[in-house]
Structure formats: C-alpha cells, structure tokens
Amino acid sequence: MNGNVRTDRLGVSKVDTFFSSHGWLFREQFVNDYGLDAQVEIVTQGKPTGALIGMQIKSGSSYFREQSDDHFIYRTDGKHIK
C-alpha cells in the first residue's frame, strides 16, 4: 500500500455500514453522475418499500471544519445546493 488514505472510500464504507446495520439497502452508484454517490432503499418491517434516498457522501476533515459536542456541521455553497 502506498500510504495514501482514501477518505472518499472510507466515507462511502461508513455510510454503507451505518444503513446496512439498520437493515436498509445501500446501493453505491458507480456511474459517474452529478454528485449522486449512492441510493438507500428504506426497509420497513423487513420489507423493501421502494422508497429511495439519493445521497452525496462527503468525508474528510476539509468538509467538516465545525463541530459541537454532539454533531458536525457541513456548510456548502449554492452550486452544490442546486
């Protein structure tokens, strides 16, 4: 290994682990898109609902410069909100 830390891959992995551990279906998007990194399908009472949440996943300290005791703050610009 070359020692380069891939925070983008670590971030996707952690989001996958979080939703998968709650029984929801995590699907990473491998197609180069306009910021859609993954979709999560909501599962209710063990059954997929068909309801999807699109996600743009940010990871690394450069994205999360502000924090409090119980949360992180992510500030974006107008380009990413659109």
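Just above, that's the structure.
Below or above, wherever it landed, is the structure these notes cover. Just so it is clear, the structure is predicted and the values come from calculations on it, not from any experiment.

1. Considering unusual backbone geometry
Unusually for a residue other than glycine, Gln-45 sits at a positive phi of about 50 degrees. Among the structural elements, Gln-45 can be located in the loop between β2 (38-44) and β3 (47-55).

2. Observations concerning helix α1 (residues 7-21)
Its 15 residues place the ends of α1 21 Å apart at the C-alpha level, agreeing with the 21 Å of an ideal helix rising 1.5 Å per residue. The complete set of buried residues in α1 reads Gly-11, Val-12, Val-15 and Phe-19. Projected down its long axis, α1 carries its buried residues within an arc of 95 degrees, all on one side. Exposed residues lying more than 90 degrees from the buried face of α1 are Lys-14 and Ser-21. Where α1 is buried, its residues meet β1 (25-28), β2 and β3. Backbone geometry just after α1 places Gly-23 at a positive phi near 85 degrees.

3. Some remarks on the packing of aromatic side chains
According to the stated counting rule, one finds two aromatic pairs in the structure shown. A centroid spacing of 5.1 Å and a plane angle of 85 degrees characterise the contact between Phe-18 and Phe-19, whose relative ring orientation is edge-to-face. Relative accessible area serves as the criterion here: at 45%, Phe-18 is assigned to the partly exposed category. Residues Phe-19 and Trp-24 carry aromatic rings whose centres are separated by 5.8 Å and whose planes lie at 25 degrees to one another, so their mutual orientation is stacked. Looking at Phe-19, the relative accessible area reads 14%, which means it is buried. Since its relative accessible area comes to 25%, Trp-24 is described here as partly exposed. Through pairs of rings, three or more aromatic residues link up here, namely Phe-18, Phe-19 and Trp-24.

Cut-offs applied
- Sequence positions are assigned chain by chain, starting from 1 and proceeding in written order.
- Restriction of local features to residues with pLDDT of at least 70 applies here, the model being predicted, together with a cutoff of 80 or more for giving and counting side-chain atom pairs; totals for whole chains, interfaces and linings are based on all residues.
- Side-chain numbers come from the whole structure's heavy atoms, not from hydrogens or water.
- A helix here means a DSSP run of H or I that spans at least four residues, while a strand means a run of E at least two residues long, and both kinds are numbered starting from the N terminus.
- The span one expects for a helix is its residue count, reduced by one, times 1.5 Å.
- Here the term buried applies to any residue with accessible area under 20% of the maximum for its type, exposed to any over 50%, and partly exposed to those in between, with areas from a 1.4 Å probe on protein chains only.
- Note: the arc covers the axis-to-C-beta directions of the helix.
- Contacts are assigned to residue pairs that have any heavy atoms within 4.5 Å of one another.
- In summary, the pairing rule links any two rings of Phe, Tyr or Trp, Trp by its six-membered ring, whose centres are within 6.5 Å, and it sorts them by plane angle into stacked for under 30 degrees, edge-to-face for over 60 and tilted for everything else.

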